[in-house]
Every structure is written in C-alpha cells, then in structure tokens.
Amino acid sequence: MNRTAEIKRKTKETDIALTFAIDGTGKGEIASGIGFFDHMLEGFARHGFFDLTLSVNGDLHVDGHHTVEDTGIVLGQAIKEAVGDKTGIRRYGFFILPMDDALCLCAVDLCGRPYLDFACEWKAERVGTLDTELIKEFFQAVSYSAGMNIHIRMLAGENTHHMTEAMFKAFGKALDMATGMDERITDVLSTKGSLA
C-alpha cells in the first residue's frame, strides 16, 4: 500500500510544494521561511515516523499568517489523500507528551468531519519569528482540510518553546496511532460503514 501524497498550491500569497508519506522513517526536509515553524514540523514528522518535504515561498514581508495557515491547508489535504478510503486504519489516536515543564495532550479522530478544540494559553507572543497565535490557525487549517477532529490541551507549561514543541510532537504521535493499520479492521472503523 502506497500511502503518500504530493500537493502543490499557489496563490498570490503563498507558493507551496509538499510531499507526505504516512509509512515513512521520520525524515523531514522543511523550508517555510520561518525557522521555528520548520523545527516544529520536523518534530512532527520525526516523532510520527512520517516523511515530509515542504517548500514554501510566502509573503513574509507582510507577516507569517499566510505561510503558516496555508501550510496547514496543504498538509491537511496531503493527510486526507494519503489516508485514502481509511480501510483498515485505527481511526483514533491520542498521546500525552511531556517536554520538561510542558505537558500536552493531543487526540485525533480521522472521522471525515473537521473540528478543533484548542486549549492553550501561551506565555509569550512569539518564539523565534513565529507568532504563537498562528499555531491555532495552523491546526484549524489541518483539521478542516483533512476532515479531522483534533483536540489539543496544554496540561502544564511555562516555557513557550517547550509547550509548542510538545504540541507538535504529540500531534505527530497521535496521528501515527490513528493512521496505523489493524488487521482486525477489514473495512472502515465505523458503524455507518463510511468515514467520509
């Protein structure tokens, strides 16, 4: 089974090329123009064992909003395409990830319906050149493009770098669980018979 996707999206605000493989080794080659955002996506790929390449040429002379949100849109599209009809996948995934002072819970459902519940109070407005308010925008975009239910709860944390990194890694671990195959599931894990 080849669970991969290649997505290109070009607007007046961003030009994005992304490849995504669910059954990867955790290799990330990321160039968004926002260094800390690259670091977070590399952590997502590494800890989810996904292969992810990303190139973004965005209007960073304005701010980082379009770059971050549009990357979320494209990543969500890639996840949706790579998962396919969802036959045999576990559907649900969850992880509680500690990183020093930070403790983040992430739970996902690849149900076909978008929903984001995001509970995090940032301690700083920015990490590097990434505005922390854009992190919710990123996950909102992933949720809607992928048709994925995402719950994120920051259970503890003082350092914004640690909190953000725990969040992206927890998301990678939860998504890895949800996309994992289970031989007991011979169709889709739904009483409706569909996860669309």
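Residues numbered from 1 in each chain as written. Predicted model: local features only at pLDDT ≥ 70, side-chain atom pairs only at ≥ 80, totals over all residues. Heavy atoms only, no water.

Under the 1.5 Å per step criterion, the end-to-end length of helix H2 (residues 65–83) is 27 Å for 19 residues, consistent within 8% with the ideal 27 Å. With respect to burial, H2 is a largely interior element, 14 of its 19 residues being buried. Note on H2: the residue one or two positions beyond its end, Gly 84, has a positive phi of about 70°. (Helix = DSSP H or I, 4+ residues; strand = E, 2+ residues; numbered from the N terminus. Expected span 1.5 Å × (residues − 1). Buried < 20%, exposed > 50% of the residue type's maximum accessible area, 1.4 Å probe, protein only.)

Packed helix pairs are characterised by how far apart their axes lie and by the angle those axes make with each other. Contact pair H2 / helix H3 (residues 133–146): the axes reach a minimum separation of 7 Å and the direction vectors enclose 30°. With respect to their mutual orientation, H2 and H3 come out roughly parallel. Crossing hand, H2 versus H3: right-handed. Residue-level inspection shows His 65, Val 68, Glu 69, Thr 71, Gly 72, Ile 73, Leu 75, Gly 76, Gln 77, Ile 79 and Lys 80 of H2 in contact with H3, the latter providing Leu 134, Glu 137, Phe 138, Ala 141, Val 142, Ser 145 and Ala 146. Split into classes, the residues belonging to the contact of H2 with H3 amount to 9 nonpolar, 6 polar and 3 charged. (Axes fitted to C-alpha atoms, helices over the stretch in contact; angles between N-to-C directions. Parallel < 35°, antiparallel > 145°, perpendicular 65-115°, else oblique. Left-handed = near helix turned anticlockwise from the far one by under 90°. Contact = heavy atoms within 4.5 Å. Nonpolar A, V, L, I, M, F, W, Y, C, P; charged D, E, K, R; others polar.)

On to the environment of Ile 7. Looking at the element boundaries, Ile 7 is found in strand E1 (residues 4–10). Given a relative accessible area of 10%, Ile 7 falls into the buried group. In this structure, Ile 7 is in contact with Ile 16, Ala 17, Leu 18, Val 74, Gln 77, Ala 78 and Glu 81, ignoring residues within four places of it in sequence.

Moving on: the environment of Arg 113. In this structure, Arg 113 sits in the loop between strand E6 (102–109) and strand E7 (115–119). Separated by 30 residues in the primary sequence, Arg 113 and Ser 143 have C-alpha atoms spaced 8.3 Å apart. What Arg 113 contacts, discounting residues up to four positions off in sequence, is Arg 91, Gly 147, Met 148, Asn 149 and Lys 192.

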